[in-house]
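# A structural walkthrough
Residue strings, one per chain:
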Amino acid sequence: MKTAAGAAAVTGFPTIVPSTVFGQMAPSERINVGAIGVGRISRGHDLPGIFKYEGARVIAVCDLDAGRAELGRQLVTETYTKKLGKPYDAVKVYHEYHELLANKDIDAVVISTPDHQHAIVAATAVRAGKDVYLQKPASLTIAEGRYLSNAVQASGRIVQIGSQQRSWKQFHRACELVRNGRIGEVKHVEIGLPGDPAGGDATPMPVPKGFNYDAWLGSTPVVPYTVDRVMPQQGFDRPGWLRMEQFGAGMITGWGAHHVDTAHWGMNTEYTGPVEIWGTAEFPKSGLWDVHGDFLTHGRYANGVTMDISGKFPNGIKWYGTEGWIFVQRDGMNSPTAKPGDPVPKVEVLQASDPKILTSVIGPNEIHLETSPEHHANWLDCVRSRKQPLAPIEIGHRACSTCLLHHIAMKTGRHLHWDPEREQFKGDDAANAMLSRPQRSPYTFAEASWV
C-alpha cells in the first residue's frame, strides 16, 4: 500500500481506480472490506460504491438477520463472479460484528446499520484497527457523537462519514461560490426537509427465526417486536425504524445530516454549530411511528448568520447573501420522495438569483474546496494515503449534532442557548439531559467497544 500511495503522489493519479483503467491489481495491494449491515442502504448504495473499484474487495458481510446476511453474501458473490469472469467464493458471513472485526484479514469496514448502532459499531471498529466508512448520521445522541469523534482521533484510523453530497459536483460548486463571496456576505440559510407521516402497527408479533432482535435493539430499551418497528421481512423497502424516535430523530437527522453538512460547508462553520436554537414541530398523536412531522426550526450562529429548516421550503439548501442567493438540490432520481418506478422529474440542481453567478470563474488565489470523483473512492484513496477524507468524523459529528439541536428544540419548545465548544446548553439542565440516553447492558460503550 505504501508503494502504491507513493506512486500516486508522483503521477497525480488517484490510487483507487476502476480495473478497466490500469488492469488487475495484485491481491496483496487490495483493501479487504467487511460490510456491517447489509440491508437497504448497503445494497442500494454502499456495496455498489465499493464494487466499482479494483483496489478494494468485499470479503465479509455481517447482519443480525440471518436471512439478510445470506442475501448479502449472495449479492457480493454474484457481483464479483460476474465482474471477474470466474466463481468468487471468498465471502465470509457473520451474525455478530465483533466476530467480523476480529478477522485480521479485513482492513476496513463499511457500516450501514440503523442509526442507533452507528456510533457504537464505529467506535468498536476503530479500536479494532479498522478504517471505517460510516453511514450518516454519525450518532443517535450528541454525547455519543463526541465519544465517537474522540475515539476516532485517538485511534488514528481513517473514517469517512457518508455525506456523499460533498462528492457531487453541484454541491461542491455551490459551496465554493458561496465561500468566495459570489452572493456577498452570507446572512441567512434555508434548508428544505420534509417530515414523516404518522402510522405503523404496534401489535406485538413473534420475532422472526434467525433474527437477533435483542442485539438489534442494542443500547435502547426492550420493546415488543413488530415488523413496522424494525424492517420488512421480505424485500428492502424503507424500514419502520426510520420513523421511530427510539432509533433516530426522523428526517431532521436522516436527510438533515446531508443538508446541514452542505450548509456548513458553504458557511465555513464545519467545526462549530449554532449558539441559539428554537422552533416548533408536529408529532403524531396515534400509531406506532413517533418522529416529527411538519416543523419549522431556527438557529443563529456566532457570526450572526441564521438558519431555518422546514418542509415548507424546497428540498435543498439556499444561501442568502447581501448580493444575491444560491440554491442547490439533488436531481429528481435522488429526491427523498422518489419511489422505484416513478418517472424522474427534470430538476435544476443549481440555481442563483443571477445566472451569471453560476458561470463565475474561481480564480487561482481564491478558495478552492477539496474535490472528489466519488465518495467511496475518496475514502479508499485516504485508506491508502492516510490523508483525511472529504467528510471526516468531526465534521460529520458537528452536522449531526446541529440536527439533534434542532430536534431538541422541537421537543422542548423553548429558545435554547448552546455553547459549541463545551457542547452544553447554557442554564438549561433539562435540555442538557437530552444530550445523552441511558444505555442498556450489555450494549453500552464500556462493554461493547473493545474487541
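## Side note on the pairing of strand β12 (residues 324–328)
Within β12, 4 of the 5 residues are buried, which leaves the element mostly enclosed by the surrounding structure. Both strand β11 (residues 316–321) and β12 contribute to a ladder of 5 bridges, which runs antiparallel. Residue pairing for β12: W319 is matched across the bridge by I326. Between β11 and β12, which pair antiparallel one after the other, the connecting turn spans 2 residues. With 3 bridges connecting them, β12 and strand β13 (residues 350–352) associate as antiparallel partners. Residue pairing in the sheet places I326 in a bridge with A352 of β13.

## Regarding the sheet that holds strand β14 (residues 416–419)
Read across the sheet, 9 strands follow the order β13-β12-β11-β7-β10-β9-β8-β14-β15 without closing on themselves; strand pairing throughout is mixed. Two strands in the sheet have a free side with no partner beyond their single neighbour: β13 and β15 (424–425). Taken together, the 2 bridges between β14 and β15 define a ladder with antiparallel strand orientation. If you follow W418 over to β15, its bridge partner there is F425. In the packing of helix α8 (residues 169–179) onto the sheet, contacts are made with β7 (186–192), β11, β12 and β13, and the angle to β12 comes to roughly 160 degrees.

## Remarks on helix α6 (residues 118–127)
With 9 of 10 residues buried, α6 lies mostly within the body of the structure. Every buried residue belonging to α6 is among H118, A119, I120, V121, A122, A123, T124, A125 and V126, and all of these are buried.

## A look at the confidence of the model for the protein
Fine structural detail should not be taken from predicted coordinates in areas where pLDDT scores are low. Within the protein, residue pLDDT values average 92, and 90% of them lie at 70 or more. Counting interchain partners and residues more than four positions distant, the pLDDT-below-50 stretch residues 1–23 has 35 contacts.

Cut-offs and rules
Note that residues are indexed from 1 along each chain, following the sequence as it is written. pLDDT decides what is reported in this predicted model: residues at 70 or higher carry local features, side-chain atom pairs at 80 or more are listed and counted, and totals for whole chains, interfaces and linings draw on all residues regardless. Just so you know, side-chain values use all the structure's heavy atoms and leave hydrogens and water out. Buried, partly exposed and exposed residues are distinguished by accessible area as a fraction of the type maximum, computed with a 1.4 Å probe on protein chains only: under 20%, between the cut-offs, and over 50%, respectively. By the criteria applied, helices consist of DSSP H or I runs no shorter than four residues and strands consist of E runs no shorter than two, each listed in order from the N terminus. Strands pair, by our definition, only if DSSP identifies at least two bridges between them. Every residue pair with non-hydrogen atoms within 4.5 Å of one another is taken to be in contact. Only the contacting stretch of a helix is used when fitting its axis, a line to C-alpha atoms as for every element, and angles between N-to-C directions run 0 to 180 degrees. For every residue, the predictor assigns a confidence score, pLDDT, that lies between 0 and 100.

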